[in-house]
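Below, each chain spelled out in residue letters.
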Amino acid sequence: MFETQYNEEMEAEVRRLEAKKRAEEAGHPEWDNACASCGCQVASTDDKYCDACCRTVQT
Ligand SMILES: [Zn+2]
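As the structure is a computational prediction, the values presented were derived from the model and not from experiment.

Caption draft 1: Looking closely at the coordination of the zinc ion. Looking at the zinc ion, the protein donor atoms are C35 (SG), C38 (SG), C50 (SG) and C53 (SG), and they sit 2.3 Å from it. For the zinc ion, the four donor atoms are set out with angles of 103 to 117° between them, so the coordination reads as tetrahedral. Look at where the donors of the zinc ion fall in the sequence and you get C-x2-C-x11-C-x2-C. A residue pair is termed long-range when its members are at least 10 positions apart, and C35 in the loop between helix 1 (2–25) and helix 2 (51–57) and C53 in helix 2 qualify at 18 residues. Accessibility classification places C35 together with C53 in one group, the buried group.

Right under this line is the structure:
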């Protein structure tokens, strides 16, 4: 149980860092996350794309 929780926390941390990196690459280091497609701000750090791009990317 502990190991599973640990891995989930690690994955969440990696997602958070990747989100932060996208924000910096989009030119907004003050954001926590940016869309990987259009570069707009994404509120959650769980998603790689904004709502609009999520719909177009997922076929
Ligand atoms: Zn987008």
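We are not done yet, so read on.
Caption draft 2: Here's a closer look at the pattern of salt bridges. The tally for this structure, following the rule as stated, stands at four salt bridges. Close ionic contact of E13 with R16 constitutes a salt bridge, the shortest N to O distance being 3.2 Å. On the criterion of helical spacing, the pair formed by E13 and R16 is a turn pair, its members being three residues apart in helix 1. You can call E13 partly exposed: its relative accessible area is 34%. Note that E25 and K21 form a salt bridge whose closest N and O atoms lie 3.5 Å from each other. Taken together, the positions of E25 and K21, both in helix 1 and four residues apart, correspond to about one turn of that helix. One exposure class covers both E25 and K21, and it is exposed.

Caption draft 3: Broad picture of the side chain of N33. Checked against the element boundaries, N33 lands in the loop between helix 1 and helix 2. Look at N33 and you get buried, because its relative accessible area is 0%. A distance of 3.0 Å separates polar atoms of two side chains, one belonging to N33 and the other to R22. Residues contacting N33, with those up to four places away along its chain left out, are A19, R22, A23, C40, Q41, V42, S44, T45 and D47.

Procedures and definitions
- Residues numbered from 1 in each chain as written.
- Predicted model: local features only at pLDDT ≥ 70, side-chain atom pairs only at ≥ 80, totals over all residues.
- Heavy atoms only, no water.
- Donors = N, O, S within 2.8 Å, 3.2 Å for Na, K, Ca; no water.
- Tetrahedral: all angles 85-135°; square planar, octahedral: opposite > 155°, others 65-115°.
- Helix = DSSP H or I, 4+ residues; strand = E, 2+ residues; numbered from the N terminus.
- Buried < 20%, exposed > 50% of the residue type's maximum accessible area, 1.4 Å probe, protein only.
- Salt bridge = Lys/Arg side-chain N within 4 Å of Asp/Glu carboxyl O.
- Polar contact = N/O pair within 3.5 Å; in protein donor to acceptor, adjacent residues only side chain to side chain.
- Contact = heavy atoms within 4.5 Å.

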